[in-house]
Structures are given as C-alpha cells and as structure tokens.
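Structural features, examined
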Amino acid sequence: MASTRQLADLAGDAPPTSIAEVVARLQTIRDHAARSSPRGEDDGIAAFTTLYHVITRRIGEMVEDGRFRSSPFLVRLDLEFAERYFQALRRHAVDPRSAPGVWRVLFDNRSDPDVAPVNFAVLGVNAHINYDLAHALVATWRTVAPDGDGGGSAQYRDYLLVNDVFEAEMDGLREQLGSLLSQGPDGAPWDVGANWLSDLVVTFTRDLAWIEAKRVWAQGAGPQAVAESERRLDAIATFIGQGVLRAPLPF
C-alpha cells in the first residue's frame, strides 16, 4: 500500500495555481492509491479522491463555460480548498499526529476491510466540508475581498451553484462507490430518497461552513480566532467521522 509519504509527494510541495492542476494532482493521487493498495479502488484515499476529482473537474468545466459570476472568487476558493487536503496529506506523512483529527480518521483507517468505500467517501466529505471549507473561504477572502452576503452577492450565488454540481454528480458517484441504496434501477423510491438526503446534507453543511467563515471574518480573522475555530470544527468533525467510519449509511 502506498504510504502517505508517497501520496504527499504526489500532492506537490507547493499550493496549486489552477483548477486544472488540482484535477491533475487528484487524478494522480487517486490512481496511485488504488494501484498500490490491497483494497484497490476501495482504498479509503482512493474512494474519497475519486469523488473529489469528479466534483472538481466539473467545477473547472463550469468556470471555462462562464457559469460563475465571480470566477476569481470561485477559482481561488477551489485552490484554497484543495490545498487544505494536500496539506493534510503532507502533515500526516511527516507526523500522523500533526494532521487534523478528522483527516486522521480517514488516513489511519484507509485499508480497513470492514469499511465500505462509500463510508470512506463520506469521511472525506465530512473532513473537507465540516472542517476545511470555512477556513478555505477565509483564506480566499484575504485575496478576493467578500462582496456582501445573501441574494445580492455574486460570490454567495456562485457558492450555492456548487451545490448543483453535487446534486448532478452524486447519484453516479454513489453507484460507483457501492452505496447500498444506489443498487437497483435508477429512479427507485429508495434511490430517489437517498439522493435527496445526500443533497440535503451537502447543502446544510456547506451553509454552516459559510456562516462560520462569515463569523470568523467578522472577528477580524486573526490567528487566535482562526485557531479557535479550527480546533472547534476539528473536534466536531472528528466526532462525526468516528461515527461514520463503520456505520451503515442511509444513502
């Protein structure tokens, strides 16, 4: 199985500078994790990175198509967001104890044969949205100043538009990852219900991340405010991740 050190090397030693670069790094990480793991495609890092790669590639296509009103904001957010995943891999490679607790739940258990690939994907989404996203937003606003909030904000409108990407892609990803309720014909009541639930969870958690980022930003986003927020989010997300690890999931 590929060590986290090898995967950290593939994540690069510097932040990405384009969405295309993020997509390429994710593809390389996913492929190497799957090739080198006894679990193959079901390896924990491979499973999550498969999902992350699909969503990021689609966002990149939408940027190229001019779908976002505030592309500089959306692109910067995508880069800051990805860098937090890459940084978690690097920190785990140097000293597993230095990585955020929520990411350790995924990294430390990635080869566990009792964990389904869909659970691994949810673990990664939990870490990336419930822990990383708020502070990726804060880092983004340091480069691209916030333009307000609510319906009049192009940034917020684009932020919500990403929810549509999840909605469009999650059904196929759930099938690829072997979700229990994705089995059977498309459009079956259990499949429709599971899709609705997964969309609701993504929308709700992304809303919470925006609210937390705005709260930290309003406090000045200084080192103490950021550190306190990250500690609190990590504790909450780690608790959720430990519950998700081997639980039967309703989607």
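Calculation rules
Within each chain, residue numbers correspond to sequence positions counted from 1 in written order. It should be noted that, the model being predicted, local features are given only for residues of pLDDT at least 70 and side-chain atom pairs only at 80 or more, the latter also being counted only at that level, while totals for whole chains, interfaces and linings use all residues. Side-chain metrics in this entry use all non-hydrogen atoms of the structure; hydrogen atoms and water are not considered. Runs of H or I in DSSP of at least four residues are treated as helices and runs of E of at least two as strands, each being numbered from the N terminus. Accessibility here uses a 1.4 Å probe with only protein chains present; expressed as a share of the type maximum, an area under 20% marks a residue as buried, one over 50% as exposed, and anything in between as partly exposed. The contact criterion used is simple: two residues touch if any of their non-hydrogen atoms lie within 4.5 Å. Surface accessibility in these figures is a Shrake-Rupley result with a 1.4 Å probe; residues are shielded only by whichever protein chains are displayed. To define axes, lines are fitted to C-alpha atoms, for helices over the stretch in contact only, and angles between the resulting N-to-C directions are given on a 0 to 180 degree scale. Here the word oblique covers every angle except those under 35 degrees (roughly parallel), over 145 (roughly antiparallel) and from 65 to 115 (roughly perpendicular). Two helices crossing with the near one rotated counterclockwise from the far one by less than a right angle form a left-handed crossing, whereas a clockwise rotation gives a right-handed crossing. Three classes are used, and their members are as follows: Ala, Val, Leu, Ile, Met, Phe, Trp, Tyr, Cys and Pro are nonpolar, Asp, Glu, Lys and Arg are charged, and the others, Gly among them, are polar. When the centres of two rings from Phe, Tyr and Trp lie within 6.5 Å, Trp using its six-membered ring, the rings pair. Their planes under 30 degrees apart give stacked, over 60 give edge-to-face, and anything left gives tilted. Note on geometry: a ring has a charge over it if NZ (lysine) or CZ (arginine) is within 6 Å of the ring centre and within 35 degrees of the ring normal. The criterion is simple. A nonpolar core is a set of buried Ala, Val, Leu, Ile, Met, Phe, Trp, Tyr and Cys residues joined through side-chain atoms within 4.5 Å. Expected span of a helix: the number of residues minus one, times 1.5 Å. Salt bridge criterion: a side-chain nitrogen from Lys or Arg within 4 Å of a carboxyl oxygen from Asp or Glu.

Let's talk about the overall build of the chain
- A count of helices and strands for the chain gives nine helices and zero strands.
- The order of α-helices and β-strands along the chain, N terminus first, is α-α-α-α-α-α-α-α-α.
- In the chain, buried positions account for 55% of the 251 residues.
- In the chain, once contacts between residues fewer than 6 apart in sequence are set aside, the share between residues at least 24 apart is 74%.
- Approximately 11000 Å² of the chain is accessible, and the part contributed by carbon and sulfur atoms is 56%.

Some remarks on the environment of Ser229
- Along the chain, the position of Ser229 falls in helix H9 (residues 223-244).
- On the accessibility criterion, Ser229 (0% relative accessible area) is buried.
- On a C-alpha basis, the gap between Ser229 and Ala134 in space is 9.1 Å, while along the polypeptide they are 95 residues apart.

As for the packing of helix H3 (residues 44-64) against helix H4 (residues 71-94)
- At their nearest, the axes of H3 and H4 sit 11 Å apart, and the two run at 165° to each other. Taken as axis vectors, H3 and H4 run roughly antiparallel relative to one another. Considering how the two elements wind past one another, H3 and H4 form a crossing that is left-handed. On H4, the residues touching Ile45, Phe48, Thr49, Tyr52, Thr56, Ile59 and Val63 of H3 are Ser71, Leu74, Val75, Asp78, Phe81, Ala82, Tyr85 and Leu89.
- Each residue belonging to the contact of H3 with H4 can be placed in one class, and the counts come to eleven nonpolar, three polar and one charged.

Looking at the packing of helix H1 (residues 4-11) against helix H2 (residues 19-36)
- For the pair H1 and H2, interaxial distance at closest approach is 9 Å and the crossing angle is 160°. For the element pair H1 / H2, the angle class is roughly antiparallel. In this structure, H1 meets H2 at a crossing whose hand is right-handed. On the side of H1, the interface is formed by Gln6, Leu7, Leu10 and Ala11, while H2 contributes Arg25, Thr28, Ile29, His32 and Ala33.

Considerations on unusual backbone geometry
- Of note in the backbone geometry, Ala221 takes a positive phi value of approximately 50° without being a glycine.
- Among the secondary structure elements, Ala221 is positioned in the loop between helix H8 (189-218) and H9.
- The buried category is assigned to Ala221, whose relative accessible area is 8%.

So, the packing of aromatic side chains
- In this structure the tally under the stated criterion is twelve aromatic pairs.
- Centroid distance Tyr85 to Trp103: 5.1 Å. Interplanar angle 35°. Geometry classified as tilted. Taken together, the residues Tyr85 in helix H4 and Trp103 in helix H5 (residues 101-107) connect sequence positions 18 residues apart. Taken individually, Tyr85 and Trp103 each receive the classification buried, so the pair is uniform in this respect.
- Geometry around Tyr131 places Arg84 over its ring, the cationic atom sitting 5.2 Å from the centre.

What about the nonpolar core?
- Residues Ile59, Tyr85 and Trp103 are the most contacted members of the largest nonpolar core, which totals 74 residues.
- At 14 residues, helix H6 (residues 117-143) tops the list of elements feeding residues into this core.
- Aside from chain neighbours lying at most four places away, what touches Trp103 is Phe48, Tyr85, Ala88, Gly124, Ala127, His128, Tyr131 and Asp132.

Digging into the environment of Ile19
- Tracing the backbone through its elements, the reader meets Ile19 in helix H2.
- It is 9.5 Å that separates the C-alpha atoms of Ile19 and Glu61, two residues lying 42 residues apart in sequence.
- Those residues in contact with Ile19, other than ones at most four positions away along the chain, are Thr56, Ile59, Gly60, Val63, Val75, Asp78 and Leu79.

Comments concerning H2
- Look at H2: 26 Å from first C-alpha to last across 18 residues, which is about the 26 Å you get at 1.5 Å a residue.
- Taken together, the buried positions of H2 are occupied by Ile19, Val22, Val23, Arg25, Leu26, Ile29, Arg30, His32, Ala33 and Ala34.

Notes on the pattern of salt bridges
- Across all of its chains, the model carries 15 salt bridges by this definition.
- For Arg58, the salt bridge goes to Glu61, with nearest N and O atoms at 3.2 Å. Here Glu61 and Arg58 lie together in helix H3, a separation of three residues that amounts to about one turn.
- One salt-bridge network, held together by shared partners, links Arg30, Asp31 and Glu41.

Remember that the coordinates give geometry; whether it matters functionally is a separate question.
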